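Geometric and topological summary
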Amino acid sequence: MALTKEQKYWRKRIFVLTWLAYAGFYFGRKNLSVTWSSMEMDLGLDNSDYATIIFIYSLIYTIGQFLNGYLSDKFGPRKVVSIGLLLAAVANLFLGFSFSVGIIVFLIAVNGYGQSTGWSGLIKNMTPWFRMNERGIVMSWWSTCYVTGGFLATIFATYVAFDMDFLSEMGWKRGFILPSIILFAIALLFLFFTRNNPKEIGLPVIIENKYELHGGGKSENLKILALLIKNKALWIYSGCYMILKMTRYAFLFWLPIYLEKSLNYGVSDAGYISSVYELIGFFGVILAGYASDRLFNSKRFSTISIMLIGLAVVCLIHPYLVSFGKMGTILSIALIGMSTYGPDSLISTAGSMDVGGKKGAGMAAGIINGMGSIGQMFSGFIVVAINEKFGWDSLFDFFVIMSLVGGGLAALKWNFKSPETYLKT
């Protein structure tokens, strides 16, 4: 069915606003890793405190993922995500005035809950506007929100915390206060200018197939949830995503610290070089989307498996590459970014949408991201334990093993393509 001019306009509008919203969340997320070394010195903290803070953040984030997927399906993502953006903005503002571990932990928890509204809510927001056979490519471009957001947030936090002349007496605190202003602005834009689906503005629905047409009574959400839980593809996606988020968040939170403490880079160099992880990760996202739709006919698991095995290879040769100095380090970080963000984006966007369909996309995204966040939750403790006992290089050996496990798991469903038939009742 051809799209009307109004449908095309609103698809672009929703794409831009949801992209901006999730990119914005990273301005309240990446600043912690960039500023931690300075916070550590000012407040008398250490890596164990950092691991605990990451655990608390990830615990609340994980719980929120499961809850907010359901809430987004029930109340609509516009309300849920707007509240989350405002909570993240408030938490980051007050983090800039924090002077004790207890206060930091509380505010990090508030931030974690606010952040947890984003992914499942925005996936829910995107699903009614795009058909299944275009989601791989569309969502690969959309997924650049968290890659680009992470890159820009890292650069911004590094600059405002260490290199900006304005309010120089505040030091690292600027790395929280100024990003909070960006979050407030994005929250208002999202609240006032987005809509949940075409029907809210009197447009015809954009229908993928007859299964997505199915409606239901008050118990429909619980019925869909029960059917989702029985879907094996959902749990394989979840297992792969647990491995990917554990790996990605290890890099997200610890890469600047690794560069400072293991490779002896200065704080600014560490911040800027670590941003390459997201910068080049952008291309991995696009590659995964096109490979999934064009090479493998919307069969997501084959692309995921190949890229996870590629991640294992890059992690294996990482200690060799860094021996060539900064250029070798940058190359290794870039390749790791590509092979991490590619399958990560494919699972958490097109995969979630395929499994959940229009009616259950929020819940599917919430379950997959929530399970992934369990890996994220323990990543800090894993980093500290391996680093303290075996050294930084051994972390990369650990990532080799986990990537091979994830690649093998995805290969079990190599030829699987989600039929979205669970809504046929």
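What comes next concerns the included structure. Each chain carries its own residue numbering, running from 1 in the direction its sequence is written. pLDDT decides what is reported in this predicted model: residues at 70 or higher carry local features, side-chain atom pairs at 80 or more are listed and counted, and totals for whole chains, interfaces and linings draw on all residues regardless. Calculation of side-chain values draws on the structure's entire complement of heavy atoms; hydrogens and water are dropped beforehand.

Per the secondary structure count, the protein includes 17 helices and zero strands. The globule rule used here is 2.2 Å times the number of residues to the 0.38 power, and the radius of gyration it is set against is calculated over C-alpha atoms. Its C-alpha radius of gyration of 21 Å places the protein within 12% of the 22 Å reference for a compact globule of 425 residues. Only protein chains enter the accessibility calculation, which uses a 1.4 Å probe; a residue is then buried when its area is under 20% of its type maximum, exposed when over 50%, and partly exposed in between. Within the protein, buried positions represent 61% of all 425 residues. At a minimum sequence separation of 6, the contacts of the protein that also span at least 24 residues come to 83%. Calculation of accessible area relied on Shrake-Rupley with a 1.4 Å probe; when residues are assessed, cover is drawn exclusively from the protein chains displayed. Only carbon and sulfur atoms are counted for the fraction: they give 69% of the accessible area of the protein, which is about 15,800 Å². Residues counted as positive are Lys and Arg, residues counted as negative are Asp and Glu, and His and the chain ends are not counted. Positions of charges follow a simple convention, taking NZ of Lys, CZ of Arg, CG of Asp or CD of Glu. For the protein, the distance from the average site of its 35 positive side-chain charges to the average site of its 24 negative ones is 15 Å. Strands here are runs of E lasting at least two residues and helices are runs of H or I lasting at least four, both read from the DSSP assignment and numbered beginning at the N terminus. Only heavy atoms matter for contacts: two residues are in contact if any of them lie within 4.5 Å across the pair.

Here we come to the packing of helix α12 (residues 232-261) against helix α13 (residues 267-274). Convention adopted: a line fitted to C-alpha atoms gives each axis, helices being fitted over their contacting stretch, and angles between N-to-C directions are expressed from 0 to 180 degrees. In contact at an axis separation of 8 Å, α12 and α13 are set at 135 degrees when each is read in the N-to-C sense. In terms of orientation, α12 lies oblique with respect to α13. As for how α12 packs across α13, the hand of that crossing is right-handed. Across the interface between the two elements, L255, P256, L259 and E260 of α12 pack against V267, A270, I273 and S274 of α13. Three classes are used: nonpolar for Ala, Val, Leu, Ile, Met, Phe, Trp, Tyr, Cys and Pro, charged for Asp, Glu, Lys and Arg, and polar for all others, with Gly counted as polar. Looking at side-chain class alone, the contact of α12 with α13 contains six nonpolar, one polar and one charged residues. Orientation labels follow simple angle bins: below 35 degrees gives roughly parallel, above 145 gives roughly antiparallel, 65 to 115 gives roughly perpendicular, and whatever is left gives oblique. Note: crossing handedness is left-handed where the near helix turns anticlockwise from the far helix by less than a right angle, and right-handed where it turns clockwise.

This part covers the packing of aromatic side chains. Two rings belonging to Phe, Tyr or Trp (six-membered ring only in the last case) form a pair when the distance between their centres is within 6.5 Å. Interplanar angles under 30 degrees mark stacking, angles over 60 mark edge-to-face geometry, and anything in between is tilted. Counting across every chain of the model gives 33 aromatic pairs. Consider the rings of Y57 and Y61, whose centres lie 5.7 Å apart with planes at 15 degrees: the pair is stacked. Note that Y57 and Y61 are positioned in helix α3 (residues 47-75) at a spacing of four residues, about one turn of the helix. Judged by its relative accessible area of 3%, Y57 is buried. Ring geometry for F396 against F399: centres 6.2 Å apart, planes inclined by 90 degrees, an arrangement best described as edge-to-face. Placement of the pair is F396 and F399 together in helix α17 (residues 392-411), with a separation of three residues, close to one helical turn. The exposure class of F396 is buried, given its relative accessible area of 4%. Each ring is checked for a lysine NZ or an arginine CZ that lies within 6 Å of its centre and within 35 degrees of its normal; such an atom marks a charge sitting over the ring. For K74, the ring lying beneath its charged end belongs to F75, and the centroid distance is 5.7 Å.

Relative to the helices and strands, S58 is located in helix α3. Identification of polar contacts relies on pairs of N or O atoms within 3.5 Å, with a donor-acceptor requirement for protein atoms, meaning one able to donate a hydrogen and the other able to accept it, and with residues adjacent in sequence counted only if both atoms are side-chain atoms. Polar contacts involving the side chain of S58 include one to the main-chain carbonyl oxygen of I54, which spans 2.8 Å. Filtering out sequence-adjacent residues up to four positions away, S58 remains in contact with S373, Q376 and M377.

Quick look at the pattern of salt bridges now. Here, a salt bridge means any side-chain nitrogen of Lys or Arg that lies within 4 Å of a carboxyl oxygen of Asp or Glu. A complete count under the given rule lists seven salt bridges for this structure. Across the pair E278 and K30 runs a salt bridge, and its minimum N-O distance is 2.5 Å. Within this pair, whereas E278 is found in helix α14 (residues 276-295), its partner K30 is found in the loop between α1 (5-25) and α2 (31-43), the two being separated by 248 residues in sequence. With its nearest N and O atoms 2.8 Å apart, the salt bridge here joins R248 to D344. Pair noted here: R248 is in helix α12 and D344 is in helix α16 (residues 326-390), with a separation of 96 residues, a long-range link. You'll find R248 and D344 in the same group, each marked buried. Several salt bridges share partner residues, and in doing so they unite D293, R300 and D354 into one network.

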